[in-house]
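Listed here are the chains, written in short residue letters.
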Amino acid sequence: MKPTAETLLLFFISAALVMASLIGHFRLFDATAVDVMTHYKYPLMGVGYGILSLSLILRDQP
């Protein structure tokens, strides 16, 4: 199956959210944006994986 533009976009959005939660979890940088990511690391991870599962569901739709 070939991925469509919509599913690729959803995949990259979910990957960015998961990476943001990992940066917040490990505190890789010292900035105020990381403090926000640290505070919301679990919701970011949940939304990222939710969007990823949504893109997998939408992949088979015509």
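That block above? That's the structure.
As the structure is a prediction and not an experimental result, all values here were calculated from the model.

Asker: In this structure, what is going on with the overall build of the protein chain? I would like to understand it.
Answerer: For the protein chain, the count of helices and strands is three helices and zero strands. Computed over the C-alpha atoms, the radius of gyration of the protein chain is 14 Å, more than 25% above the 11 Å expected from 2.2 N^0.38 for a compact globule of 62 residues. Expressed as lengths along the three principal axes of its C-alpha atoms, the size of the protein chain is roughly 45 × 15 × 15 Å. Across the 62 residues of the protein chain, 24% fall into the buried class. Taking the contacts inside the protein chain whose residues are at least 6 apart along the sequence as the reference set, 59% of them involve residues at least 24 apart. For the protein chain, the computed accessible surface area is about 4,700 Å², with 72% contributed by carbon and sulfur atoms. Distance between charge centres in the protein chain, computed from 4 positive and 4 negative side chains, equals 6 Å.

Asker: What's the story with the pattern of salt bridges in this structure? I'm lost.
Answerer: In a structure, side chains of opposite charge can pair up when their charged atoms sit close to one another. Taken as a whole, this structure holds one salt bridge when the rule is applied. With a closest N to O distance of 3.5 Å, Asp35 and Arg27 form a salt bridge. In this structure Asp35 comes out as partly exposed when scored by relative accessible area, which is 39%. For Arg27, a relative accessible area of 47% puts it in the partly exposed group.

Asker: Looking at this model, I keep getting lost on the environment of Pro3. Mind explaining?
Answerer: By secondary structure assignment, the location of Pro3 is in the segment before helix H1 (5-26). Overall, Pro3 belongs to the partly exposed group, its relative accessible area being 48%.

Asker: Sorry, what's going on with helix H3 (residues 41-59) here?
Answerer: The terminal C-alpha atoms of H3 lie 27 Å apart, and with 19 residues this matches the ideal 27 Å at 1.5 Å per residue to within 8%. For H3, the secondary structure elements touched by its buried residues are H1 and helix H2 (32-39).

About the cut-offs
Residues numbered from 1 in each chain as written. Predicted model: local features only at pLDDT ≥ 70, side-chain atom pairs only at ≥ 80, totals over all residues. Heavy atoms only, no water. Helix = DSSP H or I, 4+ residues; strand = E, 2+ residues; numbered from the N terminus. Rg over C-alpha atoms; globule rule 2.2 N^0.38 Å. Buried < 20%, exposed > 50% of the residue type's maximum accessible area, 1.4 Å probe, protein only. Contact = heavy atoms within 4.5 Å. Areas by Shrake-Rupley, 256 points an atom, 1.4 Å probe, with all protein chains shown as cover. Lys, Arg positive; Asp, Glu negative; His and termini not counted. Charge placed at Lys NZ, Arg CZ, Asp CG, Glu CD. Salt bridge = Lys/Arg side-chain N within 4 Å of Asp/Glu carboxyl O. Expected span 1.5 Å × (residues − 1).

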